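# A closer look at the structure
If you want the building blocks of each chain, they are given just below.
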Amino acid sequence: MGNLTESNVITGVPGSERFVQDFEKGVLQSTLKISVSQLNFYYGPRQVLFDVSLNIADRKITALIGPSGCGKSTFLRTLNRLHETIHGTRMEGEVLLDGQNILELDVVRVRRRVGMVFQKSNPFPKSIFENVAYGLKINKMGGRGLIQEIVEKSLHRAALWEEVKDHIHKSAYSLSGGQQQRLCIARALAVDPEVLLLDEPCSALDPIATAKIEDLLMDLASTCTIVIVTHNMQQAARVADHTGFFLLGKLIEFNKTDIIFKNPARKETEDYITGRFG
Amino acid sequence: MGLPAIEIPETALRPVSGRGLQRRLFDYLGWGLCTLAFLLLGSAMTWILVVVFLRGINALNFSVITHVTEGTGGGLLNAIEGTLVLALGGIMLAAPPGLAAGIYLAEFDRGRLAPTIRFLADVLVGVPSIVIGYFGYVTMVVALGWKFSVAAGSVALAIISLPYICRTTEMALRQVPRALREAAYALGASDGRVTLGICVPAALPGILTGVLLALAISVGETAPLLYTAGWSSYLWTGHFTNEPVGYLTYVIWAFITEPFESAHALAYAAAFFVTLFVLVISILTRMVLDENAGWRRLRPWEKRKP
Ligand SMILES: Nc1ncnc2c1ncn2[C@@H]1O[C@H](COP(=O)(O)OP(=O)(O)O)[C@@H](O)[C@H]1O
Ligand SMILES: [Mg+2]
C-alpha cells in the first residue's frame, strides 16, 4: 500500500481539529466522498453512537472494524438514511455526501446514490433477472432493452454473469450462498451507486466465496467508493485503504490501514487487533 | 499432518445414570399421552368421515345434483348453488377489508388504531355465530328491509370470515424477514412499494391460507344463515335482496329430524357435500403450503420439515 511518509500519518483523535487537518493533508490526497461530523445516534432513549466524525475518501475502500454491538451497522445505516425505516430512531450531527447534507436531499436519491449490501444475503423472492432489475424498475430507469443491458452489465461487474447467464430467469434462491451475496451486490450496482456500503458481507460465506467477493471489491473500487464493515481483521488488512476502529459506539481510531494494523496510536486498537478482547 | 489428540475424560463418555430411569419414564409417559390423544382425535375424525361418506354415498344418486328440493325430498341443486353463492359472496365482501386491515396491522401499526383493530378482531372470533345471525336479522333483514336474502347471508358470513383473514394476513406479513424490506428500501423503494411489491408477494401463501380457511368456515356455517338467508326450495334467480336462498347446512339441520327416509337421505347427502367442499378447500390449502410447490421454494425463510 505505497510508502508512508511522515506527512500522511494521522496523529490526532478523531473529531479533533488536529485529526481533520492531518486527515485532509495526508491520507486524503483524493477527494472526500462522505464526511460525517459529530454524529450521535439513538434507538429510542438509548444512545449507541457517540460523537462520531469520519471522512470517507472517494473511490477508496474504507473498512470499519470493532467488536459486535459497538454500532458499526448502525453507523453504516446513517450513511444512506436507512435508519429512518426503523421506528423510534434519532440522529444528530451531519452527514455530507459530496458536500451536501443528505438530510436535505431527496431520500430516494440518497439511497440510489449510496447502495447497500447486507450481512445475510437477502435476494427477493423473484428471478435472478428480476432481482437485479428491481432497482431500475422502481426508479423508472430505462426501458426494456436498456434494463436488459444494465442487468447483464451489473452481473458482470459482480463477477456472476458467467455462472448465471444460462438460467437468469430461475429463482434467485437456486443460487449458492456466495452467489446470492454477489447477486445482492449486482442488485445494488444496477442503479449505479456512487457509494457501496457493505455490512459484513462475507460473514456467512466460505473462504473461496469470500476471496471472490474481496477481489470483486478491489475491482469495484476503481469506480465506486466502498465502505465495508467486517469482523475479519485479515479482510480489512487485505482490502481496505483506510480503517476505522469502533468501540462502544465511539470511533477510537481512524487511519490508513497499514498504520492501524502495524502502528496503532491507541491502546484499545492495539488490544483489539492483537486479539486481547472482543 | 495430524491434529493433536484431545484427551476426553472417561466420565464424560458414560451415560448419565441415576436420573436416567426417571427421564426415560417421563419420556414413555409423554409418548403414551401423545399417542392416546392422537388416537382419540384420529378415531373421532375417522368415525365422522366414515359415517358421513358411507351414508352420503348411499343417499347419493344423479338426481340429487340435478333436481331442486321438493318438500322433504327431491334433490340438492338449489342448496349446493346457494352454499357456493353465499360462501363466495362472503369471501368477496370480507377479503378486501380483511386483507387491508391485516396489511395495516403488520406494516403501519404506529398509532392507537392498531391495538384497537386487533382487539376487535379477537373479540369477533369469539362471538357465537348465532349472535351474528341474530344481529344480521335485526339490522339487515328487518331494519334495512332486505328480507331473507343472499345479501344478508353473505354479509353475515363476511363478518364471521373477517377476523380470520385479517389476523392470518398480519401473521404472514410479520414472517417476512426485515432483511427483505431493508433491501428494497436501500434501493429507494417507498413504503407502499415495499409492502405491496415485496412483502405481500412474499407472504402470499400465508395470506391465501387465511382466505381459504375463511371460505371453509363459511361453507360449514349454519346459525348465521338461518336468520339471514332463510331457506328456499327453488334455484336462486339472481336477486340479492328480498329472495331467500337454500344452502346445504340447512338441509342437514332441518331434515335429519324429519320422520321420513327421503329427508334423512337428503340430510346425509348434504353432509357429504359440505364435508367434500371443506376437504377440497383443505387440500387446496395444503397444496398452497406444500414445500414442494414452486412458489414455496421461493421462500427459503419459511420453516420446512427436515
Ligand atoms: N433496531 C434496533 N433497536 C434497538 N436497538 C438496536 C437496534 N439495532 C441495534 N441496536 C443496538 O444498537 C447497538 C449497536 O448495534 P449494531 O449497530 O448492530 O452493532 P454492530 O453492527 O457493531 O454489531 C447494539 O447494542 C444493539 O443492541
Ligand atoms: Mg452489525
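Throughout what follows, the structure given in this document is the object of discussion. Quick caveat, the model's predicted, so the values are computed rather than measured.

With that out of the way, let us pick up the overall build of chain A. In terms of regular secondary structure, chain A is built from 11 helices and 10 strands. In chain A, which comprises 278 residues, the share counted as buried stands at 47%. Nonlocal contacts in chain A, meaning residues at least 24 apart in sequence, comprise 67% of its contacts between residues at least 6 apart.

This next bit is on the overall build of chain B. Each helix and strand counted, chain B has 13 helices and 2 strands in total. Within chain B, buried positions represent 39% of all 306 residues. At a minimum sequence separation of 6, the contacts of chain B that also span at least 24 residues come to 77%.

On to the packing of helix α5 (residues 113-126) of chain B against helix α7 (residues 150-174) of chain B, then. Residues and elements named next belong to chain B. Put simply, α5 and α7 touch, their axes get as near as 8 Å, and they point 135° apart. When the axis of α5 is compared with that of α7, the two are oblique. Our pair here, α5 against α7, has a crossing hand that is left-handed. Listed contacts from α7 to A121, L124 and V125 of α5 are L162, P163, C166 and R167. Taken together, the residues that form the contact of α5 with α7 break down as 6 nonpolar, no polar and 1 charged.

All residues in the neighbourhood of ligand 1 are listed as A:Y43, A:V48, A:G66, A:S68, A:G69, A:C70, A:G71, A:K72, A:S73, A:T74 and A:I86. Taken together, the residues that form the shell around ligand 1 break down as 4 nonpolar, 6 polar and 1 charged.

This part covers the pairing of strand β4 (residues 89-97) of chain A. Residues and elements named next belong to chain A. With 8 bridges joining them, strand β1 (residues 32-43) and β4 adopt antiparallel strand pairing. What sits directly across from V36, in β4, is V95. For β4 and strand β5 (residues 100-101), the ladder comprises 2 bridges, and the chain directions are antiparallel. When the bridges of β5 are listed, L96 appears paired with N101. A loop of 2 residues connects β4 with β5, the two strands running antiparallel in sequence, and D98 in this loop sits at a positive phi of about 50°.

All names here are of chain B. Counting 155 residues, the largest nonpolar core has L76, L248, V251, A269 and A270 as the members making the most contacts within it. Of all the elements, α7 adds the most residues to this core, at 15 residues. Residues within four places of V251 in sequence aside, it is in contact with L76, A79, L266, A267 and A270.

Turning to the sheet that holds strand β9 (residues 242-247) of chain A, a few remarks are in order. Residue and element names in this part refer to chain A. Within the open sheet, the 6 strands sit side by side as β6-β7-β8-β3-β9-β10. Their pairing is mixed. This sheet does not close on itself; its edge strands, each paired only once, are β6 (114-117) and β10 (250-256). Between one strand and the next, the sheet's axes are offset by a mean angle of 15°, whatever the strand orientation. With 6 bridges connecting them, β9 and β10 associate as antiparallel partners. In the sheet register, T243 faces β10, and the bridge partner there is N255. The strands touched by helix α7 (residues 177-190) are β6 and β7 (195-199); relative to β6, the strand with the most contacts, the crossing angle is about 170°.

Spatially, β2-β1-β4-β5 (chain A) is the arrangement adopted by the 4 strands of the open sheet, whose pairing is antiparallel. What marks the edges here is a single partner per strand, and that holds for β2 (46-57) and β5 of chain A.

Between chain A and chain B, the residue contacts involve 20 residues of the former and 17 residues of the latter. Where the side of chain A that touches chain B is concerned, the elements lending two or more residues are α3 (107-113), β6 and α4 (128-138) of chain A.

Residues and elements named next belong to chain A. Alignment of β1 against β2, held across 8 bridges, turns out to be antiparallel. Of the residues in β2, the one forming a bridge with I34 is I56. Hairpin connection between β1 and β2: a loop of 2 residues separates the two successive antiparallel strands, and G44 in this loop has a positive phi of roughly 60°.

In an α-helix, one turn spans 3.6 residues; hence positions three or four apart end up facing the same way. Residue and element names in this part refer to chain B. Between the first and last C-alpha of helix α6 (residues 129-143) there are 20 Å, a value that for 15 residues agrees with the 21 Å anticipated at 1.5 Å per step. The sharpest bend along α6 reaches about 35° and sits at Y137. All of the buried residues along α6 are I132, G133, G136, M140 and V141. Residues of α6 that are buried sit in contact with α7 and α10 (223-226). Once α6 ends, the next one or two residues include G145, with phi positive near 70°.

Quick notes on the rules
Residues numbered from 1 in each chain as written. Chains lettered and ligands numbered in written order. Predicted model: local features only at pLDDT ≥ 70, side-chain atom pairs only at ≥ 80, totals over all residues. Helix = DSSP H or I, 4+ residues; strand = E, 2+ residues; numbered from the N terminus. Buried ≥ 20, exposed ≤ 12 C-beta atoms within 10 Å, placed from the backbone. Contact = placed C-beta atoms within 7 Å. Axes fitted to C-alpha atoms, helices over the stretch in contact; angles between N-to-C directions. Parallel < 35°, antiparallel > 145°, perpendicular 65-115°, else oblique. Left-handed = near helix turned anticlockwise from the far one by under 90°. Nonpolar A, V, L, I, M, F, W, Y, C, P; charged D, E, K, R; others polar. Near = placed C-beta within 6 Å. Pairing = 2+ DSSP bridges. Core = buried A, V, L, I, M, F, W, Y, C linked by C-beta atoms within 7 Å. Expected span 1.5 Å × (residues − 1). Bend = angle between axes of the 7 residues up to and from the residue.

Remember that the coordinates give geometry; whether it matters functionally is a separate question.
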